[in-house]
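# A closer look at the structure
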Amino acid sequence: MSTVLYIALALFFLILGGVFLAFLLAALKIGFERWREASHLSGPLKNVFFGEVKADRDGLRDARIAKGKVWDKATKKWRSQGKLSDDYIKNMVR
């Protein structure tokens, strides 16, 4: 293989390692209780991936969850979409 390919692979793995290290450091700053609370709020990983986090719990609006609407092309209807709010996520890291 050529030297350019080796350099490109080295840079790729260096950047990937940096991203992993940054995530690990952020995760260590967040307490276990905060992780558990965020996991409870968001539900299963499938819900997070598809933006289907429930914004209303027991009929009450939860301010920790950002709520919006999305057009579903398959059903041709509007549906609710939610995610953990940016303010909530920023306040997790102290």
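Residues numbered from 1 in each chain as written. Predicted model: local features only at pLDDT ≥ 70, side-chain atom pairs only at ≥ 80, totals over all residues. Heavy atoms only, no water.

## Some thoughts on the overall build of the protein
Looking only at helices and strands, one finds four helices and four strands in the protein. Its helices and strands in sequence order give the protein the pattern α-α-α-β-β-β-β-α, from N to C terminus. Across the 94 residues of the protein, 17% fall into the buried class. The long-range fraction of contacts in the protein, counting pairs at least 24 apart against all pairs at least 6 apart in sequence, stands at 36%. Working note: accessible area of the protein is about 7,800 Å², and carbon and sulfur atoms make up 68% of it. (Helix = DSSP H or I, 4+ residues; strand = E, 2+ residues; numbered from the N terminus. Buried < 20%, exposed > 50% of the residue type's maximum accessible area, 1.4 Å probe, protein only. Contact = heavy atoms within 4.5 Å. Areas by Shrake-Rupley, 256 points an atom, 1.4 Å probe, with all protein chains shown as cover.)

## Quick notes on the environment of R79
By secondary structure assignment, the location of R79 is in strand β4 (residues 77-84). Judged by relative accessible area, R79 falls into the partly exposed class, the value being 27%. In this structure, the C-alpha to C-alpha distance between R79 and E52, residues 27 residues apart in sequence, is 9.3 Å. Excluding residues within four positions of it along the chain, R79 makes contact with F50, E52, G68, K69, V70 and D72.

## As for the nonpolar core
Core analysis: the largest hydrophobic core is formed by eight residues, namely I30, A38, L41, V53, I65, L84, Y88 and M92. Contributing elements (two or more residues each) for this core: α2 (32-42) and α4 (86-92). Those residues in contact with A38, other than ones at most four positions away along the chain, are L84, Y88 and M92. (Core = buried A, V, L, I, M, F, W, Y, C linked by side-chain atoms within 4.5 Å.)

## What about the packing of aromatic side chains?
Going through the model one piece at a time under the given rule, you end up with two aromatic pairs. Between F12 and F13, the aromatic rings sit 5.3 Å apart at their centres with planes inclined by 70°, giving edge-to-face as the arrangement. According to the relative accessible area criterion, F12 is partly exposed, its value standing at 48%. What makes F13 exposed here is its relative accessible area of 53%. Relative to W78, the ring of W71 has its centre 5.4 Å away and its plane inclined at 70°; by these criteria the two rings are edge-to-face. (Phe/Tyr/Trp six-rings, centres within 6.5 Å; stacked < 30°, edge-to-face > 60°.)

## Observations concerning the pairing of β4
Note that strand β3 (residues 65-72) and β4 share eight bridges and pair antiparallel. Within β4, the position partnered with A66 by the bridge is K83. As consecutive antiparallel partners, β3 and β4 are separated by four residues, and within that stretch K76 has a phi angle of approximately 55°, a positive value. (Pairing = 2+ DSSP bridges.)

## As for unusual backbone geometry
Positive phi outside glycine occurs at K76, with the angle close to 55°. Tracing the sequence through the fold places K76 in the loop between β3 and β4. The class of K76 is exposed, set by a relative accessible area of 60%.

## As for a nonpolar patch on the surface
Taken together, the side chains of L5, Y6, L9, F12, F13 and L16 make up a nonpolar region of the molecular surface, amounting to roughly 610 Å² of accessible area. The residue L9 is located in helix α1 (residues 3-29) in this model. Overall, L9 belongs to the partly exposed group, its relative accessible area being 36%. (Patch = residues over 30% accessible without salt bridge, like charges linked within 9 Å, V, L, I, M, F, W, Y side chains within 5 Å. Salt bridge = Lys/Arg side-chain N within 4 Å of Asp/Glu carboxyl O.)

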